[in-house]
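Structural features, examined
For reference, the chains in residue letters:
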Amino acid sequence: MHSSTPIQLDNDFIRQLPGDPELRNFRRQVGLACWSQVEPLQFPNAKLLAWSRPLAQQLRVSPDLLGAARFARVFSGSELLPGSRPYALCYGGHQFGNWAGQLGDGRAINLGEVRDVNGQHQILQLKGAGPTPYSRTADGLAVLRSSLREYLCSEAMHHLGIPTTRALSLVATGDTVVRDMFYDGNPRAEPGAVVCRVAPSFLRFGSYEIFSSRNEPALLKQLADYTIARDFPQLLTANTPDVASYAAWFDAICQRTAGLMVEWMRVGFVHGVMNTDNMSILGLTIDYGPYGWIEPYDPHWTPNTTDAQGRRYRFGQQPQVALWNLVQLANALFPLIGDVKPLEAALDRYRDAYEQGWLTMMRNKLGLVLPHGDDQQLMEALLHCFTLVETDMTLFFRALADLVLADEITVIPAGLQACWYDAAPALPAGQALLDWLNRYRTRVLQEDRPQSQRQTAMQQVNPLYVLRNWLAQQAIDEAEQGELGKLHELEEVLQQPYHQQAGKDHLAQKRPEWARQRAGCSMLSCSS
Ligand code: AMP
Ligand code: MG
């Protein structure tokens, strides 16, 4: 498209689906509607802090085309592009296991959609551009620290090859937002920001649950039909979906969700708030809040302070929680199908897909090609070793890739020592790891594959650079002082997470000791 072509937004969602007739923007329960019209706030001092060049190119919407000042106005919500009719979505959700009723886009405003260079529709959504009817008791705003985290992590996940909503831009509003970060009666004014998120759909499990819970089967059907036609068109066998298409759709959601869980486990991503309103109907990673990255491998770790007691959303629990969430979605979709059997079958297939997917993923991480009856035990023995001495998961797999496996291993190779948070482990941890390494060596040698081939294959599935919690926090500390160097360095390096980059070793390091207990580095509050 020529650079002078004006950007025009479309609004298929609001054309096709019923909207809220109330046009005034006040907090309320919104019945019989999928969306409410809403205007973003004006931020006259908005300033562009960062934008994703790869995504801008994909969307053909960039500061180069719009001009930096206009781009900042548009992506803070202060100026609407032609065709834009902003709206907020109505949805509900189960939060921490309990039905929470109406939630909705409390601080997200959809501007409209564009077609990207691949012909795919993409919705542009601002997060933090002001209140909506769904804001409940909150202000509709977002602080810089959480916006920067969402911006960086969305793009990092994309470059890791993991399904996710994207982030086009990070704009400082120029205003402050008051937050009590630790919920301890110490509110402070923090810089505000707006992220422009991008996805083919922002519908969540809770988008369907809300209509089922309100006993609105006609609206449920309308939204389901719309979703299938628009984002699962391959499942449409006739003009309108029938019972079989709804069942196939739920099955597809289960499969995508299983694939997503395998991917999170592969890279050590912990979402932190897997409520059903934070589960994408497309199987994307969505709603980056108090997420975190596994540094010392620990299946019990949750980054979310609100989750510290129950640890519902801990790393190792994510596949089970996703299944629990899918069961809630199955209940919500039941009225469309009227039969539990296909829903149960899809849930069973979720379990199989996750288990098989996990084994294949782990085999890939270990650079093994041929399935073996002993695989499950081999993987579990490794994870057990990780519990004996604090081991940096990301660094371990990269070091393992570099290991030349020839003779029997009698001392722990130096390359692996660098992955530990403690000094060389005493027995029995050291012995357990030695045993495991020799077991692994036997498997690798059986496959008779050149060392360099195994290494390259492992480097393609084991990232070297991930958005370590303390790295994000350093970028935040600087950005709050108006320094953007760390932010830009991280976003650039994380575009090639599998590829070792010169002079960037400091971004592939174990968590430093100072970060162990610091807020934002090991635990995160939901306040954002
Ligand atoms: P979350 O757990 O962050 O996904 O948010 C749960 C619900 O709270 C969603 O409906 C959000 O839109 C809403 N919410 C979170 N923060 C704010 C805020 N600052 N203003 C308005 N709504 C919010
Ligand atoms: Mg949410």
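Residues numbered from 1 in each chain as written. Chains lettered and ligands numbered in written order. Predicted model: local features only at pLDDT ≥ 70, side-chain atom pairs only at ≥ 80, totals over all residues. Heavy atoms only, no water.

Counting its regular elements, the chain contains 17 helices and 11 strands. Taking 2.2 N^0.38 as the reference for a compact globule, 528 residues should give roughly 24 Å; the C-alpha atoms of the chain span a radius of gyration of 24 Å, in line with that estimate. Based on the C-alpha atoms only, the size of the chain along its principal axes is roughly 75 × 55 × 50 Å. Within the span of the chain, comprising 528 residues, buried residues form 59% of the whole. When contacts within the chain are restricted to residue pairs at least 6 apart in sequence, long-range pairs at least 24 apart make up 73% of them. Here the chain contributes 47 positively and 55 negatively charged side chains, and the mean placements of these two sets differ by 3 Å. (Helix = DSSP H or I, 4+ residues; strand = E, 2+ residues; numbered from the N terminus. Rg over C-alpha atoms; globule rule 2.2 N^0.38 Å. Buried < 20%, exposed > 50% of the residue type's maximum accessible area, 1.4 Å probe, protein only. Contact = heavy atoms within 4.5 Å. Lys, Arg positive; Asp, Glu negative; His and termini not counted. Charge placed at Lys NZ, Arg CZ, Asp CG, Glu CD.)

Next up on the list: the domain arrangement of the chain. Along its sequence, the chain is organised into domain 1 (12-205), domain 2 (216-364), domain 3 (374-448) and domain 4 (469-515). Taking the mean C-alpha position of each, domain 1 and domain 4 sit 25 Å from one another. Listed as interface residues are 17 residues of domain 1 and, on the opposing side, 14 residues of domain 4. Each partner contributes to the roughly 1,300 Å² buried at the junction of domain 1 and domain 4, and carbon and sulfur atoms together form 71% of this total. On the domain 1 side of the contact with domain 4, Leu-148, Leu-152 and His-159 bury the most area, a combined 36% of that side's loss. At the junction of domain 1 with domain 4, the criterion picks out zero salt bridges. Viewed at the interface, domain 4 and domain 1 are joined by three residue pairs in polar contact (both at pLDDT 80 or more). Take the side of domain 1 that touches domain 4: its biggest share by element is nine residues, from helix 5 (residues 144-160). (Domains from an automatic or database assignment. Buried area = accessible area lost by both parts, 1.4 Å probe. Salt bridge = Lys/Arg side-chain N within 4 Å of Asp/Glu carboxyl O. Polar contact = N/O pair within 3.5 Å; in protein donor to acceptor, adjacent residues only side chain to side chain.)

Near ligand 1, the surroundings consist of 17 residues, among which Gly-104, Gly-106, Arg-136, Gly-140 and Asn-278 are the closest. Separating an oxygen atom of ligand 1 from a backbone N or O atom of Gly-106 is a distance of 2.8 Å. Within the backbone of Gly-140, one N or O atom sits 2.7 Å away from a nitrogen atom of ligand 1. In isolation ligand 1 has 480 Å² of accessible area, and contact with the protein removes 80% of it. (Near = heavy atom within 4 Å. Areas by Shrake-Rupley, 256 points an atom, 1.4 Å probe, with all protein chains shown as cover.)

On to the coordination of the magnesium ion (ligand 2). The protein atoms that coordinate the magnesium ion (ligand 2) are Asn-278 (OD1) and Asp-287 (OD), at distances spanning 1.9 to 2.1 Å. When sorted by exposure, Asn-278 lands in the same class as Asp-287, which is buried. (Donors = N, O, S within 2.8 Å, 3.2 Å for Na, K, Ca; no water.)

Another point: the packing of helix 16 (residues 469-480) against helix 17 (residues 485-493). Where helix 16 meets helix 17, the closest approach of the two axes is 7 Å, and the angle between their N-to-C directions is 145°. For the pair helix 16 and helix 17, the contacting residues are Leu-471, Ala-472, Gln-474, Ala-475 and Glu-478 in the first and Gly-485, Lys-486, Leu-487 and Leu-490 in the second. Looking at the contact of helix 16 with helix 17 residue by residue, the class counts come to five nonpolar, two polar and two charged. (Axes fitted to C-alpha atoms, helices over the stretch in contact; angles between N-to-C directions. Nonpolar A, V, L, I, M, F, W, Y, C, P; charged D, E, K, R; others polar.)

Its 20 residues give helix 9 (residues 318-337) an end-to-end C-alpha distance of 27 Å, which sits within 8% of 28 Å, the value for a rise of 1.5 Å per residue. The sharpest bend along helix 9 measures roughly 35° and falls at Asn-331, with the proline Pro-335 sitting one to four residues further on. Counting buried positions along helix 9 gives 14 out of 20 residues, so the element sits mostly inside the fold. Remark: Gly-338 follows helix 9 within two positions and exhibits a positive phi of approximately 70°. (Expected span 1.5 Å × (residues − 1). Bend = angle between axes of the 7 residues up to and from the residue.)

Of all nine residues that make up helix 6 (residues 205-213), seven are buried, and the element is covered over most of its length. Buried within helix 6 are the following residues: Phe-205, Gly-206, Ser-207, Tyr-208, Glu-209, Ile-210 and Phe-211. A positive backbone phi angle near 55° is found at Asn-215, which sits one or two residues after helix 6.

In the contact formed by helix 12 (residues 393-402) and helix 15 (residues 451-461), the axes pass within 8 Å of each other and the chain directions differ by 160°. Between helix 12 and helix 15, the angle falls in the class roughly antiparallel. The two elements helix 12 and helix 15 cross, and the hand of that crossing is left-handed. Only Gln-451, Arg-454, Gln-455, Met-458 and Gln-459 of helix 15 make contact with helix 12, whose side of the interface consists of Phe-397, Arg-398, Leu-400, Ala-401 and Asp-402. In terms of residue class, the contact of helix 12 with helix 15 is made up of four nonpolar, three polar and three charged. (Parallel < 35°, antiparallel > 145°, perpendicular 65-115°, else oblique. Left-handed = near helix turned anticlockwise from the far one by under 90°.)

The subject of this paragraph is the environment of Leu-235. Relative to the assigned elements, Leu-235 resides in the loop between helix 7 (217-231) and helix 8 (243-267). Overall, the relative accessible area of 18% leaves Leu-235 in the buried class. A sequence separation of 14 residues divides Leu-235 from Trp-249, and the C-alpha atoms of the two residues are 6.9 Å apart.

Bringing unusual backbone geometry into the picture now. Unlike most non-glycine residues, Tyr-183 shows phi in positive territory, near 50°. Of note, Tyr-183 is situated in the loop between strand 8 (166-179) and strand 9 (188-199). A positive phi angle is found at Asp-287, which is not glycine, with a value near 65°. Take Asp-287: it is sitting in the loop between strand 10 (269-270) and strand 11 (292-293). A relative accessible area of 14% means that Asp-287 is categorised as buried.

Of all five residues in strand 2 (residues 47-51), four are buried; the element is thus mostly enclosed. Pairing of strand 2 with strand 8, which is carried by four bridges, proceeds in the antiparallel orientation. The residue bridging Lys-47 from the neighbouring strand is Ala-172, located in strand 8. (Pairing = 2+ DSSP bridges.)

The subject of this paragraph is the side chain of Ser-207. Along the chain, the position of Ser-207 falls in helix 6. Setting aside residues up to four positions removed in sequence, Ser-207 forms contacts with Cys-90, Tyr-91 and Leu-223.

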